[in-house]
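Remarks on the overall topology
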Amino acid sequence: MTISSAPPTSSHLPARQSDWALRVQQDPVLLGDIARAVDGPFHVIDPARFGANLAAFKAVLSAAGVDGQIYYGKKANKAGAWLGECARHDGGVDVASVPELVHALECGVRGEDVVVTGAAKADRLLWLAARHRCLIAVDNLDELERIAALHIPVRILLRVLPDVNPDSRFGLDRKQVEHALDRCTAESSRISMEGFSFHLDGYEVRPRAELADRLIDLCTAARTRGLPATSISIGGGFACSYVDEEDWERFRSGYRDDWFHAGRKFAKFYPYHQNPTGAAMLADILGHIGPRLAGTGTRLLCEPGRALLDQAGFSVFPVQGYKERGDHGVVAVGGLSMSVSEQWKGSEFLPDPLLWHPDSAPGDPVTAFVGGASCMEYDVLTWRKIGFPRRPAHGDLLIYPNTAGYQMDKNESEFHQLPLPPKIRLADHDGRITWAFDTH
């Protein structure tokens, strides 16, 4: 068994990988055995890594002396394994639909540890969330009235419209917040207004800290009305780094359209190297607002998705064939680009895929892009011409590293009646790696 990455080229972008991922990929038989059992593409996931990421976020809160909760943004990946880790490690879950809520409860997450977000919540979702004492982030005044009409106790946050993004379709503007506070005061016997929430695009620390500081003021003012106003949620948007800084800067500075098949152009890419990331980013935010949170007795809530899944999974596609296209080739894989979601946002997942094969057969290096199994011209997993140490062949596997965050199942489809790639849950038992199908 050998794993082959791209030979060094100006467009080479090697992925950071965790020790567990490398161990799995270097096992001489494991991935081949799974591939034969699945007979198609699959995703490999490591629940233990998710648990470690969650523990790191919780440790940051504790070190800052701030009470709060970390909610896993469930939309980032549908696997049930993550929910089990939330239940085990006293984490929360952020959901936006009845099936997501039911799945979280089924996996042992308590209703009190679920926050319900989303812009247009169904009546059944509001009712079920209220019955289970979930925290509901209210996005508009009509929704608040539907909650009041339930005539049962409900816990809510008010989602505010950020001043830096006044055109957003999400959140309540200042006038609407005032009206909502009046209604919560009038309905305080049934509606427990527990604070405020927001979400910001991008991955910067300072805008989050500044808006959170404003919301602390809103909480203290709401308390003078007799409302609990104990918490603020700063949403998600916690950064990840998929590649090293030096490689990312080299890629960006040397970028050329001819690195991509047919001169494919992209408007933008995810920033594949960032700093700070994950729990360290939360620590920086708390460096700005931690003392105010602690001093005012205000809890901090956040809803990371991608950052909790960092290095917690990778995707595997069986190679079906290879052919030449001018000065480069095309690798055909048994899977669809819907399983690597950046393509369906008009972008590209940039970390280099790796060629896994059961032997070390020699060959001449080639460059190739990667096409999917459908009959659609645009079904392409990687438009960039990737360097391979030899010509990929039927029976090889192509590994896309670190795909658990949003890549695996955001846009998956059973196009051509192909089954969705299963998620394979790994565990370490007495030094031996075992695997099982995840339920989701």
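The protein chain appears in an unreviewed UniProt entry as Diaminopimelate decarboxylase from Nocardia transvalensis. Here is the UniProt Cofactor (unreviewed entry) comment for the protein chain, exactly as written: "pyridoxal 5'-phosphate".

This paragraph deals with the overall build of the protein chain. Tallying secondary structure elements over the protein chain gives eleven helices and 18 strands in all. Relative to the 2.2 N^0.38 estimate, which gives 22 Å for 440 residues, the radius of gyration of the protein chain is 23 Å and therefore close to what a compact globule would have. Each of the three principal axes of the protein chain carries a C-alpha extent, and together these read 75 × 45 × 40 Å. Residues counted as buried form 55% of the 440 residues belonging to the protein chain.

In terms of domains, the protein chain is made up of domain 1 (9-46 + 313-437) and domain 2 (47-239 + 274-308). For domain 1 and domain 2, the distance between their C-alpha centres works out to 35 Å. On the domain 2 side, the residues contacting the twelve residues of domain 1 number 13 residues. Across the interface of domain 1 and domain 2, roughly 1200 Å² is buried in total on both sides, 52% from carbon and sulfur atoms. Summed over the shared surface of domain 1 and domain 2, the result is one salt bridge. For Asp 409, the salt bridge is made with Lys 78, and the minimal N-O distance between the two is 3.9 Å.

The next subject is the environment of Asp 27. In this fold, Asp 27 is placed in the loop between helix H1 (19-26) and helix H2 (30-38). For Asp 27, a relative accessible area of 23% corresponds to the partly exposed category. Sequence separation between Asp 27 and Val 380 is 353 residues, and the spatial gap between their C-alpha atoms is 28 Å. In this structure the side chain of Asp 27 is engaged in a polar contact, spanning 2.9 Å, whose partner is the backbone nitrogen of Val 29.

We now examine the environment of Tyr 406. In this structure, Tyr 406 sits in the loop between strand S16 (397-400) and strand S17 (423-429). Distance from Tyr 406 to Ala 55, taken between C-alpha atoms, is 21 Å for residues 351 residues apart in sequence. With residues up to four places along the chain from it excluded, the contact list for Tyr 406 reads Lys 75, Ala 76, Arg 306 and Ser 341.

Conventions adopted
- Residues numbered from 1 in each chain as written.
- Predicted model: local features only at pLDDT ≥ 70, side-chain atom pairs only at ≥ 80, totals over all residues.
- Heavy atoms only, no water.
- UniProt positions renumbered as here; feature names shortened; annotations may be inferred.
- Helix = DSSP H or I, 4+ residues; strand = E, 2+ residues; numbered from the N terminus.
- Rg over C-alpha atoms; globule rule 2.2 N^0.38 Å.
- Buried < 20%, exposed > 50% of the residue type's maximum accessible area, 1.4 Å probe, protein only.
- Domains from an automatic or database assignment.
- Contact = heavy atoms within 4.5 Å.
- Buried area = accessible area lost by both parts, 1.4 Å probe.
- Salt bridge = Lys/Arg side-chain N within 4 Å of Asp/Glu carboxyl O.
- Polar contact = N/O pair within 3.5 Å; in protein donor to acceptor, adjacent residues only side chain to side chain.

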